[in-house]
Amino acid sequence: MITKLICTITYIVFSLLIFMASNFWILKEVVGYAGVFILFFLIINCFPTLSLPATKHLRTCAKGNALLIEFLGSSALSIILFILGFTNQLPIDNIFAAPKLWIINTILSIILEAIVFWNGMLRIFFSSKQLGIKLRITALICGLIPVVHLVVLLHMIKIVSLEISIENQKILTDKKRQPLQICATKYPILMVHGVFFRDFQYFNYWGRIPTALETNGARIFYGNHQSAASIEDSAHEISERILNIVSETGCDKVNIIAHSKGGLDCRYALHIPGIAEHVATLTTVNTPHRGCEFADYLLTKVPQSEQQTIAATYNAALKKLGDPNPDFLSAVKNLTSSFCQEFNKNVSNVPDVIYQSIGTKLNKASGGRFPLNFTYHLAKYFDGPNDGLVGEKSFPWGDDFQMLTVNGPRGISHGDMIDLNRENIPEFDVREFYVQLIANLKQRGF
């Protein structure tokens, strides 16, 4: 990828050429014939940047982003030209003496600048994966509001620029280390989802993480258990999955990465006869090992009739999606601190399995997407610092514990740890975190 300096020079030169083309009707009176700039205009709209990222969608992003930057530059130059014209600073008659000339130029300038703008905007709208629905809607609403639309446009350019840089660098990094296969562990990886989500049919629970792991040599399997059930029932589903993987692959053991309630499910599964011998490591991610006190509170405050109605609605919906026997209420009750207190007394660590855990926290509520920005306040009141659902004190389990956050107001949420929103978080690359996590398992012989 070309250097930032060359990119900057390209933006400046192309902005100037677009400006010349957009105002050729006036400029031909100043510098003579300027129609050649229309040719440059057409070429730039097709090839607005010399930057060539590694994938087609990133190249589309880069072209769209470049056009928007060049639109801002050429528009600023056009405004300066009109000011000079109105103040009689150009070597032609005052605007009031040549109104037809300026009217025609204005119409042409608006049309040509609009072509550049929409060419760029449509490209990033349909190729960027980081803009998000909210920002896209904001851009549509604010498009006709003076000044505000410029602020939104600059924000969009910043986000897409970071996306291009981050994603392209990841591709180059993975390509460079691909021969090393740093995630090719001795035992395959079993990724176990948390409550109220699925990892098969209709939903990708782990976002971009599995692709990053597989690119670096990991063998990935999924729990394939239903979205909501008691810990005991989920554990039996997971234990069957482990036995199936061992039987199909002859791998003898698996390394488990379990998120949220999945960590509790897997701890229980290790106590089912014949399972622990097929598990090398269990890494729990944002798992409420000591439960959530706000869950106890909600179950005491929400009337039983409403609980049953919510549960029935959820269970009916998930049965239609393929869950054989979803049990909303059992899943919720198994996440209370009162349940987990008894659970931990009866479900201890089994010998010869390495247990380790990871937790994160939001630095403020708005750091999380809905509904975590709402539940953050409940969790903070009852459980203290939290990830939007689970309190910090509930995360640690096993021989090694990592607590993650980032500087600034955002933090890392419960959903961020499974790449729920496919968002590139400043200072924290969730995909690379898992790559290094699995690479460490490989280095330790697992």
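Everything discussed here concerns the structure shown above.
Residues numbered from 1 in each chain as written. Predicted model: local features only at pLDDT ≥ 70, side-chain atom pairs only at ≥ 80, totals over all residues. Heavy atoms only, no water.

**Describing the packing of aromatic side chains**
Moving on, step 1. By the definition in use, this model includes 16 aromatic pairs.
Moving on, step 2. Relative to Phe117, the ring of Phe71 lies with its centre 5.1 Å away and its plane at 55 degrees, an arrangement referred to as tilted. With Phe71 in helix α4 (residues 56-86) and Phe117 in helix α5 (residues 99-127), this residue pair connects regions lying 46 residues apart in the sequence.
Moving on, step 3. A relative accessible area of 16% places Phe71 in the buried class.
Moving on, step 4. When the centroid spacing of 6.2 Å and the interplanar angle of 80 degrees are considered together, the rings of Trp206 and Tyr434 count as edge-to-face. With Trp206 in the loop between β1 (189-192) and α8 (209-215) and Tyr434 in helix α16 (residues 430-443), this residue pair connects regions lying 228 residues apart in the sequence.
Moving on, step 5. Here Trp206 falls in the buried class, since its relative accessible area comes to 0%.
Moving on, step 6. Using a relative accessible area of 0% as the deciding quantity, one classes Tyr434 as buried.
Moving on, step 7. Of the aromatic side chains, those joined through ring pairs into one cluster are Phe197, Tyr205, Trp206, Phe428, Phe433 and Tyr434.
Moving on, step 8. One Lys or Arg, Arg136, reaches over the ring of Phe125 and ends 5.8 Å from the middle of that ring. (Phe/Tyr/Trp six-rings, centres within 6.5 Å; stacked < 30°, edge-to-face > 60°. Helix = DSSP H or I, 4+ residues; strand = E, 2+ residues; numbered from the N terminus. Buried < 20%, exposed > 50% of the residue type's maximum accessible area, 1.4 Å probe, protein only. Lys NZ or Arg CZ within 6 Å of the ring centre and 35° of its normal.)

**Overview of the side chain of Asn286**
Moving on, step 1. Structurally, the position occupied by Asn286 is in the loop between β4 (279-285) and α11 (293-301).
Moving on, step 2. Judged by relative accessible area, which is 0%, Asn286 ranks as buried.
Moving on, step 3. Within the local environment of Asn286, its side chain forms a polar contact with the side chain of Asp387, the two groups lying 2.7 Å apart.
Moving on, step 4. The residues contacting Asn286, other than those within four sequence positions of it, are His259, Ser260, Ile358, Gly359, Thr360, Asp387, Val390, Phe395, Ser413, His414 and Met417. (Polar contact = N/O pair within 3.5 Å; in protein donor to acceptor, adjacent residues only side chain to side chain. Contact = heavy atoms within 4.5 Å.)

**Some words on the pattern of salt bridges**
Moving on, step 1. Taken as a whole and judged by the stated rule, the model has 15 salt bridges.
Moving on, step 2. Across the salt bridge formed by Lys170 and Glu432, the nearest N and O atoms sit 3.7 Å from each other. Residue Lys170 is found in helix α7 (residues 148-177), and its partner Glu432 is found in helix α16; the two are separated by 262 residues along the sequence.
Moving on, step 3. Arg198 is the salt-bridge partner of Asp323, the closest N and O atoms lying 2.4 Å from each other. Of this pair, Asp323 sits in the loop between α12 (304-320) and α13 (328-333) while Arg198 sits in the loop between β1 and α8; the two residues are 125 residues apart in sequence, bridging distant segments of the chain. Each of the two residues, Asp323 as well as Arg198, counts as buried.
Moving on, step 4. One network of salt bridges, with partners in common, ties together Glu167, Lys170, Asp174, Arg177, Arg208, Asp419, Asp429, Arg431 and Glu432. (Salt bridge = Lys/Arg side-chain N within 4 Å of Asp/Glu carboxyl O.)

**Focus on the pairing of strand β5 (residues 354-360)**
Moving on, step 1. β5 sits mainly inside the fold: 6 of its 7 residues count as buried.
Moving on, step 2. Relative to β5, β4 runs parallel, the two sharing 5 bridges. Bridging across to β5, Thr281 finds its partner in Ile354.
Moving on, step 3. Of the strand pairs in this sheet, β5 and strand β6 (residues 400-404) are connected by 5 bridges, and their pairing is parallel. (Pairing = 2+ DSSP bridges.)

**Notes on the sheet that holds β6**
Hydrogen bonds between backbone groups are what pair the strands of a sheet, and the pairing can be parallel or antiparallel.
Moving on, step 1. Across the sheet, 6 strands lie side by side as β2-β1-β3-β4-β5-β6; this open sheet has parallel pairing. Each edge of the sheet is formed by a strand with only one pairing partner; in this case those strands are β2 (220-222) and β6. For this sheet, the mean inter-axis angle between neighbouring strands, taken without regard to orientation, is 20 degrees.
Moving on, step 2. Taken together, the 6 bridges between strand β3 (residues 254-259) and β4 define a ladder with parallel strand orientation. Looking at the pairing, Ala258 lines up with Thr284 of β4.
Moving on, step 3. Where helix α9 (residues 231-249) meets the sheet, its contacts fall on β1, β2, β3 and β4, and the angle it forms with β1 comes to roughly 155 degrees. (Axes fitted to C-alpha atoms, helices over the stretch in contact; angles between N-to-C directions.)

**Brief notes about the side chain of Lys170**
Moving on, step 1. On the basis of relative accessible area, Lys170 is assigned to the buried category, the value being 11%.
Moving on, step 2. Only 3.1 Å separates the side chain of Lys170 from the side chain of Asp429, close enough to count as a polar contact.
Moving on, step 3. Ignoring anything within four residues of it in the chain, the contact list for Lys170 reads Asp429, Arg431 and Glu432.

**Side note on a nonpolar patch on the surface**
Moving on, step 1. Taken together, the side chains of Val36, Leu39, Phe40, Ile43 and Phe47 present a nonpolar region at the surface, about 470 Å² in accessible area.
Moving on, step 2. Position of Val36 relative to the elements: it lies in helix α3 (residues 36-46).
Moving on, step 3. The exposure class assigned to Val36 is partly exposed, which follows from its relative accessible area of 40%. (Patch = residues over 30% accessible without salt bridge, like charges linked within 9 Å, V, L, I, M, F, W, Y side chains within 5 Å. Areas by Shrake-Rupley, 256 points an atom, 1.4 Å probe, with all protein chains shown as cover.)

**Some thoughts on the pairing of β3**
Moving on, step 1. The element β3 is extensively covered by neighbouring structure, given that 6 of its 6 residues are classed as buried.
Moving on, step 2. Burial of the side chains of β3 extends over both faces: Val254, Ile256 and Ala258 are buried on one face and Asn255, Ile257 and His259 on the other.
Moving on, step 3. Crossover β3 to β4 through helix α10 (residues 261-269) is right-handed. (Right-handed = clockwise from strand over helix to strand, strands pointing away.)

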